[in-house]
Structures are given as C-alpha cells and as structure tokens.
Amino acid sequence: MSEQSGTEKRRERLWMRCMGVYCVALFLVLLGFLLMEYCAEETALELSAYQDLQPSPDIYLVGINSAGAADLQILPRIGPVLAQAIIDYRTQNGPFRSVEQLLEVPGIGEKTLEQLRPLISLD
C-alpha cells in the first residue's frame, strides 16, 4: 500500500508541476497578446497624428520657382544638396514650366517627385 501511495504522490507532484508550467505558459501568451494590442494602439495613435498633415487648399505650398534653399529643405527627401541642385537648375534653365520638369534635376526620381507633388506649386 505504501508503494502505491508513493506512486500516487509522484503522479500528483508531476501533475502539479505540469499545471504550473501550463499556467505560466498561458500567462505569457496572454501577456503577449496584451502587449501586441498596446503596441497596435500606440502605432495607430502615432499614425493618426500624421493624417492631419495631409495637404489641403489652406496649407502653404512651396513654390519651386521662387523658394530659397531653406524653404525647399522643408520638403520631404530634400536636403541642402538637392535644394541647391533645384536652385541651380532653375538658374540655368529658367523657371519650371511643369512639376514633372523636376525629374530633370539630378537626384530627383519618380519616387521623390510623387512625394513632392502635393506639396509644391509652380507659383
């Protein structure tokens, strides 16, 4: 009888260990889901702040035919070198007649032009 009760005690201890491991694993999974939800909400809040920055008719557009280097650098992907390249192109070739003409400026490609298009004007 003592041998049987020893076996039962070992089974009971093993069962308790398994339940402990199961509970810890379940807790970690739930914690992971909570963290994912929290991160998703934080990202959504961060992104919603940028939605307000979309251009609208009452937002100032940068005039590429008259803007100085500092004004051009406000635009995305335009740093000091590219701003100067725009000014040099404008000085050598006259004012831009179309927004697409920016593609002739060294360093400006299709991707950059698409980002600039809603933010610039010809004046």
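The coordinates are above.
Residues numbered from 1 in each chain as written. Predicted model: local features only at pLDDT ≥ 70, side-chain atom pairs only at ≥ 80, totals over all residues. Heavy atoms only, no water.

Colleague: Break down the overall build of the protein chain for me, citing the residues and quoting the values.
Modeller: Along its length, the protein chain carries four helices and two strands. Going from N to C terminus, the protein chain has its helices and strands arranged as α-β-α-α-α-β. Per-residue burial for the protein chain yields a buried fraction of 21% across its 123 residues. Across the protein chain, the fraction of contacts at a sequence separation of at least 24, relative to all contacts at a separation of at least 6, is 48%. When the accessible surface of the protein chain is summed, it comes to about 9,400 Å², and 63% of that surface belongs to carbon and sulfur atoms. (Helix = DSSP H or I, 4+ residues; strand = E, 2+ residues; numbered from the N terminus. Buried < 20%, exposed > 50% of the residue type's maximum accessible area, 1.4 Å probe, protein only. Contact = heavy atoms within 4.5 Å. Areas by Shrake-Rupley, 256 points an atom, 1.4 Å probe, with all protein chains shown as cover.)

Colleague: For the environment of Ile120, give the residues involved together with the corresponding values.
Modeller: Following the sequence through the fold, Ile120 ends up in strand E2 (residues 120-121). For Ile120, the contacting residues outside a window of four places in its chain are Leu61, Val62, Ile64, Leu75, Val99 and Leu102.

Colleague: Quick rundown of a nonpolar patch on the surface? Include the residues and the values.
Modeller: The grouping of Trp15, Met16, Met19, Tyr22, Leu26, Val29, Leu30, Phe33 and Met36 at the surface amounts to a nonpolar patch, some 980 Å² of accessible area in total. With respect to the helices and strands, Met36 occurs in helix H1 (residues 2-51). (Patch = residues over 30% accessible without salt bridge, like charges linked within 9 Å, V, L, I, M, F, W, Y side chains within 5 Å. Salt bridge = Lys/Arg side-chain N within 4 Å of Asp/Glu carboxyl O.)

Colleague: Please provide a residue-by-residue account of a positive patch on the surface, values included.
Modeller: Side chains of Lys9, Arg10, Arg13 and Arg17 sit close together on the surface and give a patch of like positive charge. Among the secondary structure elements, Lys9 is positioned in helix H1. Looking at Lys9, the relative accessible area reads 53%, which means it is exposed. (Lys, Arg positive; Asp, Glu negative; His and termini not counted. Charge placed at Lys NZ, Arg CZ, Asp CG, Glu CD.)

Colleague: I'd like a rundown of the nonpolar core, residues and numbers included.
Modeller: What tends to happen in soluble globular proteins is that the nonpolar side chains get buried as a cluster. Of all hydrophobic cores here, the largest spans 20 residues; its most connected members are Leu72, Ile78, Ile86, Leu102 and Val105. Here this core takes six residues from helix H3 (residues 80-93), the largest share from any one element. For Leu72, the residues in contact, after removing those within four places along its chain, are Val62, Ile64, Ala67, Ile78, Ala83, Ile86 and Ile87. (Core = buried A, V, L, I, M, F, W, Y, C linked by side-chain atoms within 4.5 Å.)

In short, the description is geometric, and any link to function would need to be established separately.
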